[in-house]
Amino acid sequence: MASFILHIGNKNYSSWSFRGWLACRLAGIDFEERLIPLDRPETAAAIAAVSPNKRVPCLEHGSVRVWDTLAIAEYLNELRPDAAMWPESPAARAMARSLAAEMHSGFMGIRNRCPMDIRGSVSVPNPPVEVAADLARLDAAWATARTTFGAAGPYLFGRWTLADVFFAPAASRCRTYGLPLGAAAAAYVEAVLSHADVEAWSAAALKEPWRIPHEDAAEQPF
Ligand SMILES: N[C@@H](CCC(=O)N[C@@H](CS)C(=O)NCC(=O)O)C(=O)O
């Protein structure tokens, strides 16, 4: 039995579970995933039984419970220093942590208006102002990381790190909603969506039977 258990929500809809799962993959741990379908009568009790804050993802490691994706990322980074989950240099690491924290606490326009729906596909070429503002910030943030630290590869800090993990659901939303992006941001989104772990999660999302209509891209009022 794996010593780590990651409790997650639906792969199609749960953007935080997506980040937690990608962090476990980046850490290189052997983990069992336990999926709790969201938005059903039994969901709240099922999550409360495994997660102190009644949210997923929650990582179980022996008697240790780690909830919230930032805490999961930092816990795994401490346990697995060889996985180099953050960039090497303090300056790059500071930027990577700032970006992950910014994603964690911000981008409410895109998060509220464009729920993650991996299997969805719509076209929103003229997004509402709050989504457009978030896209402009994503474009600038990604460009700063890429031009300052990204020369060695296609990701924000060259190789795949936790910073990319935190933006993976944003990249997925860019594809689902056909959001307008500059060339550099579009290339970064493509690189993220082509990462093997992102492809594996997305493929599993496509096979899920559950639907949450109010979270579907096609149901959003654009
Ligand atoms: N800040 C938390 C957010 C976790 C969160 O909001 N998770 C959602 C799913 S994406 C959840 O558990 N919702 C509970 C429910 O739908 O009943 C984190 O970083 O993990």
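Residues numbered from 1 in each chain as written. Predicted model: local features only at pLDDT ≥ 70, side-chain atom pairs only at ≥ 80, totals over all residues. Heavy atoms only, no water.

Asker: Describe the sheet that holds strand E4 (residues 64-67), and please don't skip the residues or the numbers.
Answerer: As a general point, the strands of a sheet are linked pairwise by backbone hydrogen bonds and lie either parallel or antiparallel. Read across the sheet, 4 strands follow the order E2-E1-E3-E4 without closing on themselves; strand pairing throughout is mixed. Two strands close off the open sheet at either side, each with one partner strand: strand E2 (31-35) and E4. Neighbouring strand axes in the sheet, compared pairwise and without regard to direction, differ in orientation by 20° on average. Pairing geometry for strand E1 (residues 4-8) and E2, over 5 bridges, is parallel. When the sheet's bridge partners are listed, His7 is paired in E2 with Arg34. (Pairing = 2+ DSSP bridges. Helix = DSSP H or I, 4+ residues; strand = E, 2+ residues; numbered from the N terminus. Axes fitted to C-alpha atoms, helices over the stretch in contact; angles between N-to-C directions.)

Asker: Quick one: what's the story with the pattern of salt bridges, residue by residue and with numbers?
Answerer: By the definition in use, this model includes 10 salt bridges. Residue Glu32 pairs with Arg34 through a salt bridge whose shortest N-O separation is 2.7 Å. Look at Arg34 and you get partly exposed, because its relative accessible area is 35%. (Salt bridge = Lys/Arg side-chain N within 4 Å of Asp/Glu carboxyl O. Buried < 20%, exposed > 50% of the residue type's maximum accessible area, 1.4 Å probe, protein only.)

Asker: Quick one: what's the story with the site of the ligand, residue by residue and with numbers?
Answerer: The environment of the ligand is made up of Ser14, Trp16, Leu38, Thr43, Ile47, Arg55, Val56, Pro57, Asp68, Thr69 and His104. For the ligand, a nitrogen atom lies 3.1 Å from a polar atom in the side chain of Asp68. Side-chain polar atom of Thr69 to an oxygen atom of the ligand: 2.8 Å apart, as the coordinates give it. For the ligand, the protein covers 74% of the area, taking 520 Å² as the surface of the free molecule. (Near = heavy atom within 4 Å. Polar contact = N/O pair within 3.5 Å; in protein donor to acceptor, adjacent residues only side chain to side chain. Areas by Shrake-Rupley, 256 points an atom, 1.4 Å probe, with all protein chains shown as cover.)

Asker: Before we move on, could you go through the nonpolar core and cite the residues and values that matter?
Answerer: If you look at the biggest cluster of nonpolar residues, it comprises 62 residues, and the most contacted ones within it are Leu59, Leu76, Leu156, Phe167 and Leu179. Elements that contribute at least two residues to this core include exactly E1, helix H1 (15-27), helix H3 (69-79), helix H4 (90-105), helix H6 (129-149), helix H7 (162-176), helix H8 (183-193) and helix H9 (196-206). Each of domain 1 (4-83) and domain 2 (90-205) contributes no fewer than three residues to this core. Not counting the four nearest positions on each side in its chain, Leu156 is found in contact with Leu99, Trp142, Ala145, Arg146, Phe149, Gly150, Ala163, Asp164, Phe167 and Tyr188. (Core = buried A, V, L, I, M, F, W, Y, C linked by side-chain atoms within 4.5 Å. Domains from an automatic or database assignment. Contact = heavy atoms within 4.5 Å.)

Asker: Give me the packing of aromatic side chains: which residues, what numbers.
Answerer: In this structure the tally under the stated criterion is 9 aromatic pairs. Between the aromatic rings of Trp21 and Phe31, the centroid separation amounts to 6.4 Å while the plane-to-plane angle is 75°, which identifies the pairing as edge-to-face. Here Trp21 is found in helix H1, whereas its partner Phe31 is found in strand E2, with 10 residues between them in sequence. Judged by its relative accessible area of 7%, Trp21 is buried. Members of the aromatic cluster, connected to one another through ring pairs, are Phe18, Trp21, Phe31 and Trp201. Above the face of the Trp16 ring, Arg19 is positioned so that its terminal group lies 4.1 Å from the ring centre. (Phe/Tyr/Trp six-rings, centres within 6.5 Å; stacked < 30°, edge-to-face > 60°. Lys NZ or Arg CZ within 6 Å of the ring centre and 35° of its normal.)

Keep in mind these values describe shape, not function.
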